[in-house]
Amino acid sequence: MVLNYIWVTFFVIAFIVALVRLIFMGDTEIFTELVNSTFDSSKNAFQISLGLTGILALWLGLMKIGENSGMINALSRWLSPVFCRLFPEIPKGHPAMGSIFMNLSANMLGLDNAATPLGLKAMKELQELNPKKDTATNPMIMFLVINTSGLILIPVSIMMYRAQLGATQPTDIFIPTLLTTSISTLVGITAVSISQHINLICKPILILISCISLFFAGLIWVFTQVSREEMGVYSTLTANILLFSIILLFIVWGLWKKINVYNAFIEGAKEGFYTAVRIIPYLVAFLVGIAVFRTSGAMDMLVNGIAATADFCGLDTSFAGALPTALMKTLSGSAANGLMIDTMTQYGADSFIGRMSCVARGASDTTFYILAVYFGSVGITKTRNAVTCGLIADASGIIAAIIISYLFFF
């Protein structure tokens, strides 16, 4: 129901703003632009789904090998002490635990192409445990919010954009982005835990947090010891080695367990094709809604309103230039990337606004895209408090990005 209200709101606000522009500003082209945006975004939604087809087929094929060989079950048993606290309603040893771990690992390493198929596989397995097939379960909500919070260890793509646009030190946003996305994830998990009455103060969770903190500290130390050229090379190389190693691990494990890996892969790849087809209507719906909201000028009005409020309260308004990127990342990843690049081009890659836009882009993930794709793939229409918790994580990420950017760059 929440998605219904949000989707309708996009169109209503877009129509009102366009009407105001027509009547008071004489903008006779605005409705033509709105209609064109619906065509363009519909086409874009199909192209995104088409582009996902091959990736989904590849990774769901590999996941089927892992499932048939028992690799996913082995991961599930290994992760039970921690994941059983975050997902108490998932039975111990259920394959969904392994799929969730693989998805979160891919996200943290910035392997977007691998993360989406693995996430869809996890949602399908969670749906098998769902007694109400149209309603999101507690584990689904927790899983989705962790995804939307966008925890990532190495923002490779953002650093590469900075390098291409002439940043003196493209990696200077690494630590601020890491801190920001960690805060977003922590707030998102806390929000879901409170709503689901999950106790996070327990030994396995505390041990996990300690291990992650030590890993972050080591990673930060390593990245402070290399040059910007070396960081770009090492980051990309590490990600690609890990990605190919994961692919090889699935195949070798399957051979070790003496299963027919080729047939298992084909079986899983077929699921990838059907999944890509199922998400097309959900993508079209949301991308069209987002497109008309942007084209009408409503996003610009929102940004200007926030800046005016900050100025009225006597606050510095330098952050306003980064707000379009910060707000757009909730709606569209590609649009947020475009706005981030545009901001760095306009103000300079090493400017305060240019750096803040990069930190804001890496603060969290595209909530509404993930909602549309993940829930759409299994037919969930009643999202309960998933949107609310996801937006809380997004808001905390935006606020953290602004504050941390002031601390590091202002």
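Bear in mind that the values here come from a model prediction, so they are computed numbers and not experimental data. (Residues numbered from 1 in each chain as written. Predicted model: local features only at pLDDT ≥ 70, side-chain atom pairs only at ≥ 80, totals over all residues. Heavy atoms only, no water.)

For helix H6 (residues 138-149), which comprises 12 residues, the first-to-last C-alpha distance of 17 Å matches the rise-based estimate of 16 Å (1.5 Å per residue) to within 8%. Of all 12 residues that make up H6, 12 are buried, and the element is covered over most of its length. Listing the buried residues of H6 in full gives Asn 138, Pro 139, Met 140, Ile 141, Met 142, Phe 143, Leu 144, Val 145, Ile 146, Asn 147, Thr 148 and Ser 149. Where H6 ends, the next residue or the one after it, Gly 150, has phi of about 70°, a positive value. (Helix = DSSP H or I, 4+ residues; strand = E, 2+ residues; numbered from the N terminus. Expected span 1.5 Å × (residues − 1). Buried < 20%, exposed > 50% of the residue type's maximum accessible area, 1.4 Å probe, protein only.)

This paragraph deals with unusual backbone geometry. What is expected of a backbone is that most residues other than glycine have negative phi and most peptide bonds are trans. A positive phi angle, close to 55°, is found at His 197, a residue other than glycine. In this fold, His 197 is placed in the loop between helix H8 (174-196) and helix H9 (203-223). Classification of His 197 as exposed rests on a relative accessible area of 74%. Phi angles above zero are rare outside glycine, and Lys 258 is one such case at about 60°. Along the chain, Lys 258 turns up in the loop between helix H10 (228-256) and helix H11 (261-278).

Counting buried positions along helix H17 (residues 367-377) gives 10 out of 11 residues, so the element sits mostly inside the fold. Of all the residues in H17, the buried ones are Thr 367, Phe 368, Ile 370, Leu 371, Ala 372, Val 373, Tyr 374, Phe 375, Gly 376 and Ser 377. The first or second residue beyond H17 is Gly 379, which carries a positive phi of 75°.

Right, let's get into the packing of aromatic side chains. For any pair of aromatic rings, the description consists of the separation of the ring centres together with the inter-plane angle of the planes. For the structure on display, the rule yields six aromatic pairs. Above the plane of the ring of Trp 256 lies Lys 257, whose end atom (NZ or CZ) is 4.4 Å from the centre. (Phe/Tyr/Trp six-rings, centres within 6.5 Å; stacked < 30°, edge-to-face > 60°. Lys NZ or Arg CZ within 6 Å of the ring centre and 35° of its normal.)

A word on the pattern of salt bridges. Counted under the stated rule, the structure contains five salt bridges. For the salt bridge of Asp 27 with Arg 21, the shortest nitrogen-to-oxygen distance reads 2.7 Å. According to the relative accessible area criterion, Asp 27 is buried, its value standing at 17%. With a shortest N-O distance of 4.0 Å, Lys 64 and Glu 267 are connected by a salt bridge. (Salt bridge = Lys/Arg side-chain N within 4 Å of Asp/Glu carboxyl O.)

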